[in-house]
Amino acid sequence: MKNIKLNKEGEEGLDKLYFKGGKFSHITGSKLKFLPFNTKYNKNCKSDFKVFQGVVGECFRMSNDKQFSKELTKDNDSSFKTKLKKHILKEAVNKVDTEHPEDFKEVIINLFFEEDGDLIKFNKKMLSYMNFINEHAILKETSKFFYDIFLNTKILSNKDLVRSENDNLFYKLIIDCLPELEDKSKVKSNIKYTNVFDEITELFLNDFNVLSNREDLFLEHIEDLFKYYYFFYLSQTAINLNKFGGTKEIKPICFSMDWETLSETRRSFNFGWKHTLLDLENLFSHANTLELLNYISINDKKIGDYDTIVGSYEGLSEDKAKEFVLKVKELSEFYQPQIESLKSPFKMGKNWKDCESSLSKRLSTKKFNNEIQIEIYSLFYRIDYQFRNSQREKPYSDYSNWLIEFFKSNYTKFRGRLGYTTSISQETLLFFTKICIEDKDKIRLKSLWSKLEERGLSFDETSKVEIVKLFERINLLEKKSDSGDAQYVKSII
């Protein structure tokens with residue numbers, strides 16, 4: 001017999017965790033931690049989200065429970081990259097017997113450092129020394145999220161992965177000059193993120209293994225892979241959250257190439273950025289809905305995400321299914337009075353009566369498979385309504401801005417009157433073409449489109465024509481005939 005319980009009292013109950021100092025406040029990530037965001041968006045993180053090197057470096061450090069020494073990270077006038085560079089140069093001069101130390105330093109700088117002072121990635125061991133441009137808690141949290149979702153299989157600890165082909169004497173010298181990493185300090189609370197889209201993790205692991213087979217490609221594109229899968233997972237999660245349970249499926253986003261000219265009639269404009277944006281901006285409401293729902297337990301186990309909830313519901317007897325629905329209704333009955341008790345519950349003219357009226361209209365247009373989805377959606381709608389129609393609108397939008405601004409910075413292009421449209425660069429296209437071809441000599445063009453769609457990348461017919469022109473121009477297209485079935489894309493490697 002299934003035991004269904006709504007935990008209201010006690011140390012882990014609603015009445016304890018939702019009231020601080022006697023005042024109701026929204027909390028997320030306590031019962032179900034699945035998004036790495038907070039309600040204070042900081043635009044200073046944009047540069048880190050653009051390059052993603054700090055997240056990659058932190059993940060590699062996490063895989064070995066390591067961290068930078070305080071000497072490298074303590075606050076002073078020097079940046080991390082400056083301190084790392086000085087350390088390497090000092091150690092190199094001490095290890096090599098030379099009568100011209102300054103000339104020797106200049107040789108090392110020219111060979112191993114970028115113009116901005118970054119250490120060049122010539123060896124996989126360099127990856128643990130990539131750091132954030134700006135120190136911010138959300139960047140560390142993003143790294144933890146990525147590690148928990150994609151890398152918690154200890155894949156980064158694989159000895160074959162860290163083995164490097166670049167082992168000449170000069171390379172070995174620089175590696176020997178790298179500062180020692182310290183053991184990571186223990187964290188009191190280390191709740192792991194819940195993976196709500198296993199299929200995307202499996203795709204990542206496949207592509208990660210493909211990339212790791214070639215060290216030069218691995219070092220050149222590891223940030224590209226991490227960055228795209230971070231977006232891919234989160235955007236698909238957001239899109240599927242709005243189904244409120246059922247069968248998860250990857251819904252490819254229609255991209256254009258950034259060199260194309262677009263018009264308002266193009267599918268890439270109508271179904272790209274604007275459509276995706278609508279699926280991203282209510283993330284905070286979903287986070288709060290799932291947090292509340294997981295105060296319900298079945299046989300003392302949290303009920304999980306929407307898909308798990310619907311699956312559990314469908315496996316219950318008729319009586320228990322009705323009991324489950326009543327528990328979700330109780331959450332709305334708990335929530336609505338708490339909002340009324342706040343100093344400014346709603347904007348002028350907005351109230352729960354208006355909410356219920358608009359909810360009723362929405363439900364008449366929705367097609368849900370069962371009663372539990374109707375009640376979950378109703379709870380979500382009430383939470384979303386109060387955020388959109390109260391003074392809590394800013395934290396609501398700030399929460400989703402972590403993903404929206406990331407998307408805009410990396411996978412859109414501003415096109416004047418059209419605004420932001422979904423776009424990728426030639427470099428990104430060719431990178432994923434390499435990934436899709438894997439170790440084969442060539443694949444059918446039609447197969448390439450399918451493999452890209454598996455990874456969330458879709459193109460309309462106009463963009464496909466542009467891509468084919470690019471492949472022809474750089475001699476990647478092999479034609480047996482003009483038929484699409486007889487066109488092949490050759491390996492770039």
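What counts and how
Residues numbered from 1 in each chain as written. Predicted model: local features only at pLDDT ≥ 70, side-chain atom pairs only at ≥ 80, totals over all residues. Heavy atoms only, no water. Pairing = 2+ DSSP bridges. Helix = DSSP H or I, 4+ residues; strand = E, 2+ residues; numbered from the N terminus. Salt bridge = Lys/Arg side-chain N within 4 Å of Asp/Glu carboxyl O. Buried < 20%, exposed > 50% of the residue type's maximum accessible area, 1.4 Å probe, protein only. Contact = heavy atoms within 4.5 Å. Phe/Tyr/Trp six-rings, centres within 6.5 Å; stacked < 30°, edge-to-face > 60°. Lys NZ or Arg CZ within 6 Å of the ring centre and 35° of its normal. Axes fitted to C-alpha atoms, helices over the stretch in contact; angles between N-to-C directions. Polar contact = N/O pair within 3.5 Å; in protein donor to acceptor, adjacent residues only side chain to side chain. Expected span 1.5 Å × (residues − 1). Lys, Arg positive; Asp, Glu negative; His and termini not counted. Arc of directions from axis to C-beta.

A. Main features of the pairing of strand S15 (residues 487-490). In terms of strand pairing, strand S12 (residues 442-444) meets S15 through three bridges, oriented antiparallel. Considered in S15, the bridge of Arg444 is made with Tyr488. Across three bridges, strand S14 (residues 477-479) lies against S15 in antiparallel orientation. The partner of Glu478 across the bridge, within S15, is Tyr488.

B. Representation of the pattern of salt bridges. The tally for this structure, following the rule as stated, stands at 31 salt bridges. Ionic pairing is found between Lys81 and Asp116, a salt bridge with its closest N-O pair at 3.8 Å. Note that Lys81 is positioned in helix H5 (residues 80-95) and Asp116 in the loop between helix H6 (101-112) and helix H7 (137-151), a separation of 35 residues in sequence. On the basis of relative accessibility, which here comes to 28%, the residue Lys81 falls in the partly exposed class.

C. Up close: the side chain of Thr142. Here Thr142 lies in helix H7. Overall, Thr142 belongs to the buried group, its relative accessible area being 1%. Ignoring anything within four residues of it in the chain, the contact list for Thr142 reads Pro36, Phe49, Phe52, Val55 and Tyr230.

D. Looking closely at the packing of aromatic side chains. Summed over all chains, the structure comprises 62 aromatic pairs. Look at Phe146 and Phe204: their rings are 5.6 Å apart centre to centre, the planes differ by 85°, and that puts the pair in the edge-to-face class. Placement of the pair is Phe146 in helix H7 and Phe204 in helix H10 (residues 198-212), with a sequence separation of 58 residues. Comparing Phe146 with Phe204 shows no difference in burial state: the two are buried. Both rings, one in Phe208 and one in Phe218, keep their centres 5.6 Å apart while their planes meet at 85°; by these two values the pair is edge-to-face. Linking Phe208 in helix H10 with Phe218 in helix H11 (residues 215-241), this pair joins segments that are 10 residues apart in sequence. The residues Phe208 and Phe218 share a single accessibility class, namely buried. Taking the ring centre of Phe113 as reference, the NZ or CZ of Lys85 above it sits at 5.6 Å. The lysine or arginine in question, Lys124, covers the ring of Phe218, its NZ or CZ lying 5.4 Å from the ring centre.

E. Just the sheet that holds strand S8 (residues 296-298), in detail. Pairing in this open sheet of three strands is antiparallel, and the strands run S1-S8-S9 from one edge to the other. Both edges of this open sheet fall to strand S1 (4-6) and strand S9 (301-302), since each of them pairs with a single strand only. Inspection of the sheet shows S1 paired to S8 by three bridges, in the antiparallel sense. Counted as the bridge partner of Leu6 is Ile296 from S8. Its contacts with the sheet put helix H15 (residues 318-340) on S1 and S8, and the angle it makes with S1 is roughly 10°.

F. Structural detail: the environment of His26. Here His26 is to be found in the loop between strand S3 (23-24) and helix H2 (46-51). When the C-alpha atoms of His26 and Leu292 are compared, they prove to be 9.6 Å apart, with 266 residues separating the residues in sequence. Among all residues touching His26, those that are not within four sequence positions of it are Tyr18, Asn288, Tyr335, Ile339, Gln386, Phe387 and Arg392. Engagement of the side chain of His26 in a polar contact is seen with the side chain of Tyr335, the distance being 2.7 Å. Of note is the side chain of His26, whose polar atom sits 3.4 Å from the side chain of Gln386.

G. Spatial organisation of the sheet that holds S14. Reading across the sheet, the three strands line up as S12-S15-S14 and stay open at both edges, with antiparallel pairing between neighbours. On the outer flanks of this sheet lie S12 and S14, each paired with one strand and no other. Neighbour-to-neighbour, the strand axes of the sheet open up by a mean angle of 30°, direction not taken into account. Sheet strands touched by helix H20 (residues 445-454): S12 and S15. Its angle to S12, the strand with the most contacts, is close to 85°.

H. Here's a closer look at H10. Counted at 1.5 Å a residue, the expected span for H10 with its 15 residues is 21 Å, and the 21 Å between its end C-alpha atoms agrees. Taken together, the buried positions of H10 are occupied by Ile200, Thr201, Leu203, Phe204, Leu205, Asp207, Phe208, Leu211 and Ser212.

I. Structural context of the side chain of Lys434. Inspection of the secondary structure assignment puts Lys434 in helix H19 (residues 426-437). One buried charge, Lys434, has no salt-bridge partner; the nearest side chain with opposite charge is Glu220, at 4.9 Å.

J. Up close: helix H14 (residues 306-314). Among the residues of H14, Tyr306, Asp307, Ile309, Val310 and Tyr313 are the ones counted as buried. In a view along the axis of H14, the buried residues occupy a sector of 160°, so they form one face of it. In the core, the buried residues of H14 are packed alongside H11, helix H13 (283-293), H15 and helix H17 (371-388).

K. View of unusual backbone geometry. Despite not being glycine, Asn299 has its phi angle at roughly 55°, a positive value. Examined against the element boundaries, Asn299 turns out to sit in the loop between S8 and S9. Overall, the relative accessible area of 36% leaves Asn299 in the partly exposed class. The phi dihedral of Glu438 falls on the positive side, at around 55°, and the residue is not glycine. Turning to its location among the elements, Glu438 is positioned in the loop between H19 and S12. Glu438 sits in the partly exposed class, given a relative accessible area of 24%.

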